[in-house]
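Structural overview
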Amino acid sequence: KRYFTSQNGNAVSGMNKEHGIPQSWWGGSTSGIGADLQHVMPSESDANSRKSNYGMGIVTSQSWTNGSIKVGKGTAGNNGTVQLWEPADNWKGDFARAYFYIVTAYEEKSLVQKKGANTMQNNTYPKLQQWAYELYIKWSAEDPVDDLERKRNDVVYGIQGNRNPFVDFPGLERY
């Protein structure tokens, strides 16, 4: 836990706004996907930098961790061994549901960065690679929606006027 106050909405020193799905996959825009709070979360600056623009998956050869995420190499389906980041168990479902939301809300958007192709496809459905879809469904079941995630969904709705249906309707990702 971190407690701090900030003025004028500025980031506190040592903290970043982390995009669960890298902004660069869609060209680095600070609007649309790049501004959608459903996948923008607070992060330590060092952790955010180390996860770079890697996809999310199971890290089997760890090169760095801070206890909340780990970074290293892992298998990305038929893409072989690639650089990945993996959230801690108590955040896996949260991030999985954020991915499901983004690929649903922005399914018409094309990837512009090659690293994104390890996790997603340039089509409308299914946007996620099969390995990622299956893993994120598993993570969503193992780390179910909790009160903190529901509250966050309510706050995001109050700010940007939309909700993550994968939080409101647990299990929706299976359909």
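Figured I'd write up the structure that's included with this text. Being a predicted model, the structure only gives us computed values, none of them experimental.

Quick notes on the rules
Residues numbered from 1 in each chain as written. Predicted model: local features only at pLDDT ≥ 70, side-chain atom pairs only at ≥ 80, totals over all residues. Heavy atoms only, no water. Helix = DSSP H or I, 4+ residues; strand = E, 2+ residues; numbered from the N terminus. Contact = heavy atoms within 4.5 Å. Core = buried A, V, L, I, M, F, W, Y, C linked by side-chain atoms within 4.5 Å. Buried < 20%, exposed > 50% of the residue type's maximum accessible area, 1.4 Å probe, protein only. Pairing = 2+ DSSP bridges. Axes fitted to C-alpha atoms, helices over the stretch in contact; angles between N-to-C directions.

With that settled, the discussion passes to the environment of glycine 80. Assignment of secondary structure puts glycine 80 in the loop between β5 (69-75) and β6 (81-87). C-alpha separation for the pair glycine 80 and asparagine 90, spaced 10 residues apart in sequence, amounts to 27 Å. Apart from residues lying up to four places away in sequence, glycine 80 is in contact with Gly74 and Thr75.

Formed by 35 residues in total, the largest nonpolar core has its most connected members in Trp26, Trp85, Tyr99, Met120, Leu128 and Tyr136. At the level of secondary structure, the elements contributing two or more residues to this core comprise β5, β6, α2 (89-105) and α3 (130-142). A per-element tally of this core places α2 first, with 8 residues. When residues no more than four places from it in sequence are discounted, the contact partners of tyrosine 99 are Gly20, Ile21, Pro22, Trp25, Gly55, Met56, Trp85, Thr119, Met120, Leu128 and Tyr136.

To continue, consider the sheet that holds β5. Strands sit in the order β3-β6-β5-β4 across an open sheet of 4 strands; the sheet is mixed. Each end of this open sheet is capped by a strand with a single partner; those strands are β3 (55-56) and β4 (61-65). Bridging between β3 and β6 involves 2 bridges; their strand directions are parallel. Bridge pairing in β6 links methionine 56 to tryptophan 85. Set on the sheet, α2 makes contact with β3 and β6; between it and β6 the angle comes to about 110 degrees.

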